[in-house]
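# Inside the fold
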Amino acid sequence: VQMNSGVLAPAHAHIKAGTIKALAVTGEKRWHDLPEVPTMLDAGYKDFVFATNCCFMAPAKTPPELVARIEKESLAVLARPEMQEKLMKSGFEIQAKNGQALGERVNKEIIVFKEVIEKAGITKI
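Residues numbered from 1 in each chain as written. Predicted model: local features only at pLDDT ≥ 70, side-chain atom pairs only at ≥ 80, totals over all residues. Heavy atoms only, no water.

## Comments concerning the overall build of the chain
- Within the chain, the regular secondary structure consists of four helices and zero strands.
- Reading the secondary structure of the chain in the N-to-C direction produces α-α-α-α.
- The globule rule puts the C-alpha radius of gyration for 125 residues at 14 Å, and the 17 Å found for the chain is more than 25% above it.
- Based on the C-alpha atoms only, the size of the chain along its principal axes is roughly 45 × 45 × 25 Å.
- Across the 125 residues that make up the chain, the buried fraction comes to 14%.
- In the chain, the proportion of contacts linking residues at least 24 apart, taken out of those at least 6 apart, comes to 32%.
- Taking the 17 positively charged and 15 negatively charged side chains of the chain as two groups, their mean positions are separated by 2 Å. (Helix = DSSP H or I, 4+ residues; strand = E, 2+ residues; numbered from the N terminus. Rg over C-alpha atoms; globule rule 2.2 N^0.38 Å. Buried < 20%, exposed > 50% of the residue type's maximum accessible area, 1.4 Å probe, protein only. Contact = heavy atoms within 4.5 Å. Lys, Arg positive; Asp, Glu negative; His and termini not counted. Charge placed at Lys NZ, Arg CZ, Asp CG, Glu CD.)

## Some words on the nonpolar core
- In this structure, Leu8, Ala11, Ile15, Ala22, Val25, Trp31, Leu34 and Val37 together form the largest nonpolar core, which totals eight residues.
- Among residues more than four places away in sequence, those in contact with Trp31 are Leu8, His12, Val25, Met88, Gly91, Phe92 and Glu93. (Core = buried A, V, L, I, M, F, W, Y, C linked by side-chain atoms within 4.5 Å.)

## As for the environment of Ala96
- Mapped onto the elements of the fold, Ala96 is located in the loop between α3 (81–89) and α4 (99–120).
- The partly exposed category is assigned to Ala96, whose relative accessible area is 41%.
- Taking the C-alpha atoms as reference, Ala96 lies 9.6 Å from Cys54; in sequence the two are 42 residues apart.
- Apart from residues lying up to four places away in sequence, Ala96 is in contact with Leu75 and Leu78.

## A look at the packing of helix α2 (residues 64–79) against α3
- The contact between α2 and α3 brings their axes to 5 Å, and the two run at 75 degrees. Regarding the angle of α2 to α3, the classification is roughly perpendicular. Mapping the contact onto sequence places Val77, Leu78 and Ala79 in α2 and Pro81, Met83, Gln84 and Leu87 in α3.
- The residue makeup of the contact of α2 with α3, split by class, is six nonpolar, one polar and no charged. (Axes fitted to C-alpha atoms, helices over the stretch in contact; angles between N-to-C directions. Parallel < 35°, antiparallel > 145°, perpendicular 65-115°, else oblique. Nonpolar A, V, L, I, M, F, W, Y, C, P; charged D, E, K, R; others polar.)

## Thoughts on the pattern of salt bridges
- By the definition in use, this model includes eight salt bridges.
- For Arg30, the salt bridge goes to Asp42, with nearest N and O atoms at 2.8 Å. Of the two residues, Arg30 is situated in the loop between α1 (8–17) and α2 and Asp42 in the loop between α1 and α2; the sequence distance between them amounts to 12 residues.
- Residue classification places Asp42 among the partly exposed positions, given a relative accessible area of 46%.
- With a shortest N-O distance of 3.0 Å, Glu115 and Lys119 are connected by a salt bridge. (Salt bridge = Lys/Arg side-chain N within 4 Å of Asp/Glu carboxyl O.)

Here is the structure:
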């Protein structure tokens, strides 16, 4: 592969080993143990922040009390220092947010990608 834009987690060990070279990260800040790798913002690309996130979602008709419990328990597990350390070693930075914050992010990204799709002339399949 000559070039790839992908998730840091599977590439992290290769970057550390020097078998691949990271040109930039797309998060808001540099990765904690890759301080020599600039962000896209550092590289001069204004507003280029594209973090990869994992999230839990449930079917729309899931009872609100069940959603609230899953959210509460998930956030509690992700707040544990040992869990954060394990995930950080695997290339994931924990920035746990509640469902409302996730919804706001998804709605923002819909607008961004709608514009990208329209400008690129991508047709609906």
